[in-house]
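Chain residues, written in single-letter form:
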Amino acid sequence: LERWFYKAIERSYKKMKSQASLVIYNCDYLKRRYQQKYTAQENAVVAYNAAAFDASAYQPEEQDKLSITYFGNLGVGRVPSLLDVADAVHKICPGQTIDVYGRPSSEDAVKLEAHPAIVLHGFVDQATLLQVREKSDILLHVESFDPQIMPKLKYAFSTKIAQCLCS
């Protein structure tokens, strides 16, 4: 089914591209790869994420530990990587924790809740997330290193990375 799905997506892309007057990519790498695979000439540009945030300038608070925060998708194999980072954090500084915001599967929730360096907050609304982001010292992002998942993410991108860098 997966191969069929990807072939269907490829056909849809070819059809859409043939009707488009402009193709916008989010990075040069994707533009090059798509232009290599789909040889038809196209009018294409790269539009980098220029998201503006309402975050104030970073000001560390006087405290014993840093506020390390992960928020977002906990699927596509990210939980094992998050647990690896938490293991390293716990080894380096046993009292340090990582605040995790997101909706894990029930199986992953058990793993996250059992880790001494992770505080699982679950899913929160956008207003709360903005407050969390504002107070965080470190915004953490992880990806999967599972050989079964990595090829599927080759052309994927996280908009959260650009948004966090802008903030």
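See the structure printed just above.
Residues numbered from 1 in each chain as written. Predicted model: local features only at pLDDT ≥ 70, side-chain atom pairs only at ≥ 80, totals over all residues. Heavy atoms only, no water.

### Remarks on the overall build of the chain
Part 1: Looking only at helices and strands, one finds six helices and six strands in the chain.
Part 2: The secondary structure elements of the chain, listed N-terminal to C-terminal, are α-β-α-β-β-α-β-α-β-α-β-α.
Part 3: Residue burial in the chain is summarised as follows: out of 167 residues, 30% are buried.
Part 4: Counted over contacts in the chain with a minimum sequence separation of 6, partners at least 24 positions apart contribute 61%.
Part 5: Counting every atom, the chain has about 11,600 Å² of accessible surface; 57% of that belongs to carbon and sulfur. (Helix = DSSP H or I, 4+ residues; strand = E, 2+ residues; numbered from the N terminus. Buried < 20%, exposed > 50% of the residue type's maximum accessible area, 1.4 Å probe, protein only. Contact = heavy atoms within 4.5 Å. Areas by Shrake-Rupley, 256 points an atom, 1.4 Å probe, with all protein chains shown as cover.)

### Remarks on the side chain of Gln96
Part 1: The residue Gln96 is located in the loop between helix 3 (78-92) and strand 4 (98-101) in this model.
Part 2: Here Gln96 falls in the buried class, since its relative accessible area comes to 6%.
Part 3: Sequence-distant contacts of Gln96, defined by excluding residues within four places in its chain, comprise Lys65, Leu66, Ile68, Val89 and Ala117.

### Comments concerning the sheet that holds strand 5 (residues 118-122)
Paired through backbone hydrogen bonds, the strands of a sheet run either parallel or antiparallel to each other.
Part 1: Read across the sheet, four strands follow the order 5-4-3-6 without closing on themselves; strand pairing throughout is parallel. The strands lining the two open edges of the sheet, one partner per strand, are strand 5 and strand 6 (138-140). Each strand axis lies, on average, 25° off the axis of its neighbour in the sheet, ignoring direction.
Part 2: Relative to strand 4, strand 3 (residues 68-71) is paired through four bridges, and the arrangement is parallel. For Ile68, the partnering residue across the bridge sits in strand 4 and is Ile98. (Pairing = 2+ DSSP bridges. Axes fitted to C-alpha atoms, helices over the stretch in contact; angles between N-to-C directions.)

### Here we look at the pattern of salt bridges
Part 1: According to the stated counting rule, one finds four salt bridges in the structure shown.
Part 2: When the shortest N-O distance is used, the salt bridge between Glu2 and Lys152 registers 3.2 Å. Note that Glu2 is positioned in helix 1 (residues 2-19) and Lys152 in the loop between strand 6 and helix 6 (159-166), a separation of 150 residues in sequence.
Part 3: Using a relative accessible area of 45% as the deciding quantity, one classes Lys152 as partly exposed.
Part 4: For Glu143, the salt bridge identified is with Arg78, shortest N-O distance 2.9 Å. Separated by 65 residues along the polypeptide, Glu143 in the loop between strand 6 and helix 6 and Arg78 in helix 3 bring together distant segments of the chain. (Salt bridge = Lys/Arg side-chain N within 4 Å of Asp/Glu carboxyl O.)

### Regarding helix 3
Since there are 3.6 residues in each turn of an α-helix, residues three or four apart along the chain are aligned in direction.
Part 1: When the terminal C-alpha atoms of helix 3 are compared, their 21 Å separation across 15 residues agrees well with the 21 Å that a helix rising 1.5 Å per residue should span.
Part 2: Taken residue by residue, helix 3 has Arg78, Val79, Ser81, Leu82, Leu83, Ala86 and Val89 as its buried positions.
Part 3: Tucked into the core, helix 3 has its buried residues touching strand 3, strand 4, helix 4 (106-114), strand 5 and strand 6. (Expected span 1.5 Å × (residues − 1).)

### Some details on the environment of Cys93
Part 1: Mapped onto the elements, Cys93 comes out in the loop between helix 3 and strand 4.
Part 2: With 24 residues separating them along the chain, Cys93 and Ala117 place their C-alpha atoms 9.3 Å apart.

### A closer look at the packing of helix 3 against helix 4
Part 1: In contact at an axis separation of 11 Å, helix 3 and helix 4 are set at 5° when each is read in the N-to-C sense. The orientation of helix 3 relative to helix 4 falls into the category roughly parallel. On helix 4, the residues that touch Val79, Leu82 and Leu83 of helix 3 are Asp108, Lys111 and Leu112. (Parallel < 35°, antiparallel > 145°, perpendicular 65-115°, else oblique.)

### Here's the deal with unusual backbone geometry
Part 1: Here Val76, not a glycine, exhibits a phi torsion of approximately 40°, which is positive.
Part 2: Along the chain, Val76 falls in the loop between strand 3 and helix 3.

### Re the side chain of Asp99
Part 1: Topologically, Asp99 is positioned in strand 4.
Part 2: Within the buried set, Asp99 has no salt-bridge partner at all; the shortest N-O distance to an opposite charge, 6.9 Å, is to Lys65.
Part 3: Dropping the residues within four chain positions of it, Asp99 is found in contact with Ser67, Ile68, Thr69, Tyr70, Val119 and His121. (Lys, Arg positive; Asp, Glu negative; His and termini not counted.)

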